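Coordinates in review
Listed below are the residues making up each chain.
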Amino acid sequence: MGICLSARIKAESPFNTGGSYFQPLSWNLRLKVALGAAKGVAFLHGAETKVIYRDFKTSNILLDINYNAKLSDFGLAKDGPTGDQSHVSTRVMGTYGYAAPEYLATGHLTAKSDVYSFGVVLLEMLSGRRAVDKNRPSGEHNLVEWAKPYLASKRKIFRIIDNRLEGQYTLEGAYKGATLALRCLSTEGKFRPTMAEVVTVLEQLQDSSETGNIRCNTHNRPKIRRHSADDARSRSVTAYPRPSASPLYA
Ligand SMILES: Nc1ncnc2c1ncn2[C@@H]1O[C@H](COP(=O)(O)OP(=O)(O)OP(=O)(O)O)[C@@H](O)[C@H]1O
Ligand SMILES: [Mg+2]
């Protein structure tokens, strides 16, 4: 998988346009990329393949000229459990900020570990923030920890949705995306959806987004005071450390 006439979604396009040539991806394109990547992971998890990808993150999603997502870097991919096994035991590898908590704690790997990582990426797409960003104010370094309290509330999700998407999405759409991310990020794997379910929800979201008529903008969204100066920050030119795949615990 991987025809590589690619745009990089991680460092340039949607998330960090400060001083760069790239424009942030629109809401619809982000949905397209999320859906394409979800289909890729769902395929890997499918009955025929049963592979756990293990390093799902934005920098491993390559985009072709039409924004079709291709998963790259299968170096850590692992055969999933077979027979009665619930998991495979492995040395903990992956990328800080994306790995599921139970995998970090025990080394037990399941398809639901990938679902957690997908939730992190979905959150990056919704928020325009990186999974780990030491340049943010303290308390906001870890995207999941920062965003989780806002994800479940229709009134609060605006605090985490990328400002640059204003006017492009509906309240329902944002809430549905946020709820999906929250489910993927459940602490316990059994409460996370399967990747097949993720694909279904994203397809519905894409359909409703294409037909949706009430878009959120500064006039019709609830007035919520922002707690940080994240907009100003996201527009400034910032050198981000690049997360890399490595043994998380040597
Ligand atoms: N074929 C490609 N075309 C364009 N950009 C690419 C291609 N392959 C990788 N990249 C980009 O180059 C950068 C480095 O990729 P690389 O895979 O080496 O590191 P990474 O994805 O950050 O970590 P990992 O080693 O876990 O995959 C990333 O931003 C990635 O998106
Ligand atoms: Mg890579």
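The structure we're discussing is the one just above.
Now for a quick tour of the structure. The structure displayed is predicted, hence computed values, not measured ones.

Further remarks concern the overall build of the chain. For the chain, the helix and strand inventory stands at 7 helices and 9 strands. Relative to its full complement of 250 residues, the chain shows a buried share of 38%. A separation of at least 24 residues holds for 70% of the contacts in the chain among residues at least 6 apart in sequence.

Now for the environment of A181. Checked against the element boundaries, A181 lands in helix α5 (residues 171-184). Separated by 57 residues in sequence, A181 and E124 have C-alpha atoms that sit 9.8 Å apart. Filtering out sequence-adjacent residues up to four positions away, A181 remains in contact with G119, L122, L123, L126 and L151.

What follows concerns helix α4 (residues 143-151). Given 3.6 residues per helical turn, the α-helix brings residues three or four places apart onto the same face. Every buried residue of α4 is listed here: L143, V144, W146, A147 and L151. For α4, the arc enclosing every buried residue in end-on projection is 160°, short of the 170-degree limit, so these residues lie on one face. In α4, the exposed residues that point more than 90 degrees away from the buried face are E145 and P149. On its buried face, α4 sits against α3 (111-127) and α5.

Turning to its location among the elements, L205 is positioned in helix α6 (residues 195-211). For L205 and E172, which are 33 residues apart along the polypeptide, the C-alpha to C-alpha distance reads 9.1 Å.

Side chains of nonpolar character tend, in soluble globular proteins, to be buried together. Core analysis: the biggest nonpolar cluster contains 56 residues, and A38, V41, F118, L122, A181, C184 and V198 have the highest contact counts within it. Listed by contribution, the elements that provide at least two residues to this core are α1 (27-45), β3 (61-63), β4 (69-71), α3, α4, α5 and α6. When residues in this core are grouped by element, the largest group, 10 residues, is from α3. Residues in contact with F118, not counting those within four places in the same chain, are A38, V41, F56, C184, M195 and V198.

One way to put it is that α5 packs onto α6 with a least axis distance of 10 Å and a crossing angle of 170°. In terms of orientation, α5 and α6 fall into the roughly antiparallel class. Taking contact as the criterion, the partners of G173, K176, G177, L180 and C184 in α5 are, on α6, V198, V201, L205, S208 and S209. Here the contact of α5 with α6 is built from residues that sort into 5 nonpolar, 4 polar and 1 charged.

Reading the values: the criteria
Residues numbered from 1 in each chain as written. Chains lettered and ligands numbered in written order. Predicted model: local features only at pLDDT ≥ 70, side-chain atom pairs only at ≥ 80, totals over all residues. Helix = DSSP H or I, 4+ residues; strand = E, 2+ residues; numbered from the N terminus. Buried ≥ 20, exposed ≤ 12 C-beta atoms within 10 Å, placed from the backbone. Contact = placed C-beta atoms within 7 Å. Arc of directions from axis to C-beta. Core = buried A, V, L, I, M, F, W, Y, C linked by C-beta atoms within 7 Å. Axes fitted to C-alpha atoms, helices over the stretch in contact; angles between N-to-C directions. Parallel < 35°, antiparallel > 145°, perpendicular 65-115°, else oblique. Nonpolar A, V, L, I, M, F, W, Y, C, P; charged D, E, K, R; others polar.

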